[in-house]
Each structure stands twice: as C-alpha cells, then as structure tokens.
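Observations on the model geometry
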Amino acid sequence: MRVHVADHPLITHKLTVLRDQTTPSPVFRSLVEELMTLLAYEGTRGVRVEPVDIITPVAAATGVRIAEPKPLIVPILRAGLGMLEGMVKLLPTAEVGFLGMARNEETLEPTTYAERLPDDLSDRQCFVLDPMLATGGSLIAAIEFLLKRGATDVTAICILAAPEGLAAVERALEGREVTVVLGAVDERLNELGYIVPGLGDAGDRLYGTV
Ligand SMILES: O=P(O)(O)OC[C@H]1O[C@H](OP(=O)(O)OP(=O)(O)O)[C@H](O)[C@@H]1O
Ligand SMILES: O=c1cc[nH]c(=O)[nH]1
Ligand SMILES: [Mg+2]
C-alpha cells in the first residue's frame, strides 16, 4: 500500500477555510469540489492509458487515451458525494458506482446501507472518494468490498486523515495494490472518533444537517 500526502499551498489554504467553523454549507461544498480537483491530479497519476493515433492539423502523432475497461469512481455516501463532481470533471469517461456507509457514532463501526456497483470488478481500476479517514473502518470496509469483487487496484482520495486511522488502513491492506492520497494528516482522533483539529462532521457540513 502507498500513501501520498499532498504538499501544496493552495490545498493548505483551501483546507484552512474548510476547517473554519464559520464557513457556511454552500462555500464548504464549493471548496470540497475544488480540493477534489487538486487531489485528483495526484490521485489519477496511475490511471491506465493506452496509445492512440491521431492527426493534428500539422502531422500524424501518437498520444494516449484512458484504457478500457473504464475506471470506476466510487463515492462513499453521503460525504463522498461532495467530491464526485470534482473527480468526474477530470475523468469524464469513468463509470460511477455508489457505496452508502454510515458509522455508528457509539461503536464507531461502519455499516453499509446501500450498494450500486458492477457485480464483477475484475481488471477494474477503482477510485474511492471520501473526505474523512478517521478510525479507518469505513475506508477499509469499502476497499475490501471492491477487492473482493475483483478490482485490480484501488486509489482512495480523502481530504483529511487521522494518523491512527491511516495506520489501521495500512495494517489491514498491507501488500495490496492500494494507494491513499490525502490532503493532510491531522494530529489525532479524539475520544468521540473525530479528527482533531479536523473540520467536524463532513456530511453534516456539506448538507446542512446540524
Ligand atoms: O474512518 P471512520 O471512523 O470510519 O469514519 C469516517 C467516515 O465517517 C464519515 O461518514 P459518516 O458515517 O458520518 O456518514 P455521512 O457521510 O453520511 O455523514 C466519513 O465521511 C467517513 O465515511
Ligand atoms: O472527524 C470526523 C470523523 C468522522 N467523520 C467526519 O465527518 N468527521
Ligand atoms: Mg457524517
């Protein structure tokens, strides 16, 4: 498993506004989409391409196109939905599948309440989107689900991670073809399982449910 933490002043700047508790939902949603576009640049570094011949107005040339089978983008509902538009802007030909997961706020165990994905993911490259990697339970369950269906490699793109959760993901998925791309790794998890300093509950802030 590989981990890449973005190191770019624009990402840190946008993250700062995202963290601020006075940032209202509409601005929060736009920032999540913008951050996704910046993180997608790094997250899609390993996207599979194949050669294609074209003719420019000047000469014949060989370039590349996104290889078949198409990559599959999997936002984890709800909060991952806020990242979807930013990702499909960069990978417009990708297929999109959905996983609905909710963490029990007492036990911190994730449950999957919705799934709309191809039955067979053999040979598919998958991109999982979820802004928050806290205990890591949700991301581990999501990635294991995709690998069991046959996905060859999985890249997870998250905006924030707690070091404890990142370590749990690394332990669970050691030796697997998995990459985790992060906007930042914060200080710690608190006793309620929230990322510190974090940004609060991403789903609530995206969809105004507090
Ligand atoms: O790493 P973990 O400890 O599993 O926590 C992270 C999960 O918690 C949040 O979702 P939540 O369960 O709040 O659902 P929501 O997106 O519907 O708000 C977040 O979007 C992750 O999916
Ligand atoms: O800090 C956290 C932890 C889990 N889920 C969130 O949305 N935020
Ligand atoms: Mg939530």
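Quick caveat: nothing in here was measured; it's all calculated off a predicted structure. Within any chain, residue numbers begin from 1 and follow the written order of that chain's sequence. For naming, the first written chain is A and the first written ligand is 1, with later ones following in the order written. Only residues with pLDDT of at least 70 are given local features in this predicted model, and only at 80 or more are side-chain atom pairs given and counted; all residues enter the totals for whole chains, interfaces and linings. Each side-chain value is worked out from all heavy atoms of the structure, with water and hydrogens disregarded.

1. Side note on the site of ligand 2
Around ligand 2, a shell composed of Arg-103, Met-132, Ala-134, Gly-193, Tyr-194, Ile-195, Gly-200, Asp-201 and Ala-202 is seen. In protein, a polar contact requires one atom able to donate a hydrogen and another able to accept it; more generally it is a pair of N or O atoms within 3.5 Å, and residues adjacent in sequence count only if both atoms are side-chain atoms. In this structure, Ile-195 approaches ligand 2 through a main-chain N or O atom, which is 2.9 Å from an oxygen atom. Residue Gly-200 places a main-chain N or O atom 2.8 Å away from a nitrogen atom belonging to ligand 2. Burial of ligand 2 by the protein amounts to 89% of the accessible area it has alone, namely 240 Å². Here the term charged refers only to Asp, Glu, Lys and Arg, the term nonpolar to Ala, Val, Leu, Ile, Met, Phe, Trp, Tyr, Cys and Pro, and the term polar to all other amino acids, Gly among them. When its residues are assigned to classes, the shell around ligand 2 shows five nonpolar, two polar and two charged. Here a residue is considered near a molecule or strand provided that any single heavy atom belonging to it is located within 4 Å of it. For accessible areas, the Shrake-Rupley method is used with a probe of radius 1.4 Å. Any residue's cover is judged against the shown protein chains and nothing else.

2. Describing the pairing of strand E2 (residues 49-55)
Pairing of E2 with strand E3 (residues 60-66), which is carried by seven bridges, proceeds in the antiparallel orientation. Within E3, the residue paired with Asp-53 across the bridge is Thr-62. Strands were regarded as paired on the criterion that DSSP finds at least two bridges between them. Secondary structure elements follow DSSP: runs of H or I no shorter than four residues count as helices, runs of E no shorter than two count as strands, and numbering proceeds from the N terminus. Here E2 hands over to E3 after four residues, the two strands then running antiparallel side by side.

3. Observations regarding the coordination of the magnesium ion (ligand 3)
Within the protein, Asp-201 (OD) and Asp-201 (OD) serve as the donor atoms for the magnesium ion (ligand 3), at 2.5 to 2.7 Å. Position of Asp-201 among the secondary structure elements: in the loop between strand E13 (195-196) and helix H6 (202-207). For Na, K and Ca the donor cut-off is 3.2 Å, and for all other metals it is 2.8 Å, counting N, O and S atoms only; because water is absent from this set, sites may look incomplete.

4. A look at the site of ligand 1
Taken together, 16 residues sit near ligand 1, with Arg-78, Arg-103, Asp-130, Thr-135 and Ser-138 positioned nearest. Note that an oxygen atom of ligand 1 is positioned 2.9 Å from one of the backbone N or O atoms of Ala-134. Between ligand 1 and Thr-135 there is a distance of 2.6 Å, counted from an oxygen atom to a side-chain nitrogen or oxygen. For ligand 1, whose unbound accessible area comes to 500 Å², protein coverage reaches 93%. Mapped onto the shell around ligand 1, the elements with two or more residues apiece are strand E6 (98-103), strand E9 (132-133) and helix H4 (137-148). Looking at which element gives the most residues to the shell around ligand 1, the answer is E6, with three residues. Looking at the shell around ligand 1, its residues break down into seven nonpolar, five polar and four charged.

5. Here's the deal with the UniProt feature "binding site: uracil" (unreviewed entry) in the protein chain
UniProt positions are given in the numbering used here, feature names are shortened, and annotations may be inferred rather than shown by experiment. Look at the UniProt record and you will see "binding site: uracil" (unreviewed entry) annotated at Ile-195, Gly-200, Asp-201 and Ala-202. Inspection of the secondary structure puts Gly-200 in the loop between E13 and H6. Throughout, exposure labels follow a simple rule: accessible area from a 1.4 Å probe, protein chains only, divided by the maximum for the residue type, with under 20% read as buried, over 50% as exposed, and the rest as partly exposed. On the basis of relative accessibility, which here comes to 34%, the residue Gly-200 falls in the partly exposed class. Contacts are assigned to residue pairs that have any heavy atoms within 4.5 Å of one another. Those residues within four positions of Gly-200 in sequence are excluded, and the remaining contacts are Met-132 and Tyr-194. Here Asp-201 is in contact with Arg-78, Glu-105 and Tyr-194, once residues within four sequence places are set aside.

6. A few points about the packing of helix H1 (residues 9-19) against helix H2 (residues 25-43)
Each axis is a line fitted through C-alpha atoms, taken for helices only over the stretch in contact, and angles between the N-to-C directions span 0 to 180 degrees. At a minimum axis separation of 10 Å, H1 and H2 run at an interaxial angle of 155°. Overall, the two elements H1 and H2 adopt an arrangement that is roughly antiparallel. Pair H1 / H2 crosses with left-handed handedness. On H2, the residues touching Leu-10, Ile-11, Lys-14, Leu-15, Val-17 and Leu-18 of H1 are Phe-28, Leu-31, Val-32, Glu-34, Leu-35, Leu-38 and Leu-39. Any angle between 65 and 115 degrees counts as roughly perpendicular, while under 35 counts as roughly parallel, over 145 as roughly antiparallel, and the rest as oblique. Two helices crossing with the near one rotated counterclockwise from the far one by less than a right angle form a left-handed crossing, whereas a clockwise rotation gives a right-handed crossing.

7. Thoughts on the UniProt feature "domain: Phosphoribosyltransferase" (unreviewed entry) in the protein chain
The UniProt record marks residues 5-209 with the feature "domain: Phosphoribosyltransferase" (unreviewed entry), using the residue numbering of this structure. Span residues 5-209 is 33% helix and 31% strand, its end C-alpha atoms 29 Å apart.

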